[in-house]
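A structural walkthrough
Chain by chain, the residues:
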Amino acid sequence: MSFESFRYIWDDVQSGLKRNKGASLASIILIFVAVTLIGGLLLMRLALEDTITYVESQISMKVYVEKGYDTEQLSSVLVENDFIQSVEVETGDEVLAGLSHFFMNREHLLDSFTNGAMNDAIKVHVTDASLIEEVARSLDGMQGIAEVIYPQEMAQTLYEWIKKVETYGSIIAIILLIIACMVAYIAFHLALYQREKEIRVKLLVGANPAHVRLQFLIEGFLLGLVGGILSLFSTFALFELVLHPIEQAVPFLIQLDSSNRIIVFSLQCIVSIVIGIGASFLATRKLIRDV
């Protein structure tokens, strides 16, 4: 494609966006809202990953093994019970590594709390969560078991809220993404309908259908890109104004490194662009072929 051809297509792109300002703006806003919600959920999920892992470990039961006992053998005995679904063995070093996230820059507190060592542990998943307290009592005092830790009411409540936020947030994000795709599709469909005669004349005089479609693909790319950039700034503001101050105040609770932020921001832009290009492609595929 020559530079002149591309410049001609670019002029048509600008003209098309101007003619459909309302639909284009609605597409950008919906893409922005949907992708911002997705980015915010991902950031919070990544920031709370260590906390969620800890809470999940408390929703299951943790059995600490006395020194001198074979942890693997004890886990084999436990898993044979009908009320136990599965078990996972954690060495003392693995338990310490899991706790170290909550004592960032305060390692001396961890050492004083654990005396520099931890017993091996077995994470026990019961078949019925309502039986967890009864199972814990039955295991407590069993030979070879030093301590049984099972979830407290606060841990269960926090875990349930986290799951609800993730579930409902994901559903809302998916609905908004579908609506954004539909609005973008309608916008391009309307643009094609309004310019059907113009497109027909171009094709009759020998214009390449791929070049005609490229104009609308570029429009979709631009709408998605603008929506993605806006959502990126919004998500960055969420991190700087909300998550980052919390991370500084309680580093043992929330941690979010730069690589994770870059992944989230990149994913936002990619999803936005895919929505824009996908909607324009679906709208133009049949109409351009039939005119």
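Residues numbered from 1 in each chain as written. Predicted model: local features only at pLDDT ≥ 70, side-chain atom pairs only at ≥ 80, totals over all residues. Heavy atoms only, no water.

Considerations on the overall build of the chain
Looking only at helices and strands, the chain features eleven helices and four strands. Relative to its full complement of 291 residues, the chain shows a buried share of 35%. Restricting the contact set of the chain to residue pairs at least 6 apart, pairs at least 24 apart contribute 86%. Only carbon and sulfur atoms are counted for the fraction: they give 63% of the accessible area of the chain, which is about 16500 Å². (Helix = DSSP H or I, 4+ residues; strand = E, 2+ residues; numbered from the N terminus. Buried < 20%, exposed > 50% of the residue type's maximum accessible area, 1.4 Å probe, protein only. Contact = heavy atoms within 4.5 Å. Areas by Shrake-Rupley, 256 points an atom, 1.4 Å probe, with all protein chains shown as cover.)

Re helix H10 (residues 209-249)
With 41 residues, H10 ought to run about 60 Å at 1.5 Å a step, and its terminal C-alpha atoms sit 58 Å apart, in line with that. When the local axis directions of H10 are compared, the greatest deviation, roughly 40°, occurs at Leu-243, which is followed within four positions by the proline Pro-245. (Expected span 1.5 Å × (residues − 1). Bend = angle between axes of the 7 residues up to and from the residue.)

What about the nonpolar core?
Within the largest apolar cluster, 15 residues are counted, with the highest numbers of intra-cluster contacts made by Met-61, Val-63, Ile-122, Val-124, Leu-139 and Val-148. Of all elements in the fold, only strand E1 (61-65), helix H4 (71-79), strand E3 (121-126), helix H7 (132-139) and strand E4 (145-149) reach the threshold of two or more residues within this core. Among the elements that take part in this core, H7 stands out by supplying four residues, more than any other. Among all residues touching Ile-122, those that are not within four sequence positions of it are Met-61, Lys-62, Val-63, Val-65, Thr-71, Leu-74, Ser-75, Leu-78, Val-87 and Glu-88. In this structure, Phe-188, Ile-199, Val-212 and Phe-216 belong to the second largest nonpolar core, which totals ten residues. (Core = buried A, V, L, I, M, F, W, Y, C linked by side-chain atoms within 4.5 Å.)

Digging into the side chain of Thr-36
As for its position among the elements, Thr-36 is in helix H2 (residues 21-47). A relative accessible area of 16% places Thr-36 in the buried class. Of note is the side chain of Thr-36, whose polar atom sits 2.6 Å from the backbone oxygen of Phe-32. Those residues within four positions of Thr-36 in sequence are excluded, and the remaining contacts are Ser-231, Ser-234, Thr-235 and Gln-268. (Polar contact = N/O pair within 3.5 Å; in protein donor to acceptor, adjacent residues only side chain to side chain.)

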